[in-house]
Amino acid sequence: SSGPPQIPQQAASEGPFPGAMDYGGGSSAMQEAENLQNSLNAVLMQLLQNQVRKTCFDKCFSSSFPDRMSKSDHICLAKCMDRMYEAHSIVTKASIEMAQNMQE
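Residues numbered from 1 in each chain as written. Predicted model: local features only at pLDDT ≥ 70, side-chain atom pairs only at ≥ 80, totals over all residues. Heavy atoms only, no water.

## Digging into the overall build of the protein chain
- In terms of helices and strands, the protein chain carries 3 helices and 0 strands.
- The N-to-C order of helical and strand elements in the protein chain reads α-α-α.
- Taken across its 104 residues, the protein chain has 12% of its residues classed as buried.
- Within the structure as shown, the protein chain displays about 8,800 Å² of accessible surface, and the carbon and sulfur contribution to it stands at 59%. (Helix = DSSP H or I, 4+ residues; strand = E, 2+ residues; numbered from the N terminus. Buried < 20%, exposed > 50% of the residue type's maximum accessible area, 1.4 Å probe, protein only. Areas by Shrake-Rupley, 256 points an atom, 1.4 Å probe, with all protein chains shown as cover.)

Okay, here's the thing in structure tokens:
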């Protein structure tokens, strides 16, 4: 019969983050925390990339995106993205230092 594709039971039970919620399957709490942290980092990186794209495209192409990018367009995007990622790096390092200082 033609119906929806069948998902193997094991894959269906694992969900989008295999092992992340497996409290009884032998994985340790540390592994679960690490899986959760990795998933959170991936989401945060995607959010950062989206914000960088939006900010830099808005800055470099105020009204509309051209059919072909000029050299100055390339330079504008590259410099903007470099500044955004450098700023993110500085804020991240400062946040880590603050968290470490609060634990002492």
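## Some thoughts on helix α3 (residues 71-103)
- For α3, built from 33 residues, the straight-helix expectation of 48 Å at 1.5 Å per residue is met to within 8% by its first-to-last C-alpha distance of 48 Å.
- Buried within α3 we find Asp73, Cys76, Leu77 and Cys80.
- Next to the buried residues of α3 lie α2 (29-60). (Expected span 1.5 Å × (residues − 1). Contact = heavy atoms within 4.5 Å.)

## So, a nonpolar patch on the surface
- A contiguous nonpolar surface patch, about 360 Å² in accessible area, is contributed by Leu40, Val43, Leu44 and Leu47.
- Relative to the helices and strands, Leu44 resides in helix α2. (Patch = residues over 30% accessible without salt bridge, like charges linked within 9 Å, V, L, I, M, F, W, Y side chains within 5 Å. Salt bridge = Lys/Arg side-chain N within 4 Å of Asp/Glu carboxyl O.)

## Regarding the packing of aromatic side chains
- Per the stated rule, a full pass over the model turns up 1 aromatic pair.
- Aromatic pair Phe57 and Phe61: ring centres 5.5 Å apart, planes at 40 degrees, arrangement tilted. (Phe/Tyr/Trp six-rings, centres within 6.5 Å; stacked < 30°, edge-to-face > 60°.)

## Focus: the state of the cysteines
- Under the criterion given, the structure shown has 2 disulfides.
- Note that Cys56 is cross-linked by a disulfide to Cys80, the S-S spacing being 2.1 Å. Measuring the twist about the S-S bond at about -85 degrees, one finds the Cys56-Cys80 disulfide to be left-handed. One end of the pair, Cys56, is in helix α2; the other, Cys80, is in helix α3, and 24 residues separate them in sequence.
- Given a relative accessible area of 1%, Cys56 falls into the buried group.
- According to the relative accessible area criterion, Cys80 is buried, its value standing at 4%.
- Cys60 shares a disulfide with Cys76; S-S distance 2.0 Å. With the S-S dihedral at roughly -90 degrees, the linkage between Cys60 and Cys76 falls on the left-handed side. Residue Cys60 is located in helix α2, and its partner Cys76 is located in helix α3; the two are separated by 16 residues in the primary sequence. Of the two residues, Cys60 and Cys76, both sit in the buried class. (Disulfide = S-S within 2.5 Å.)

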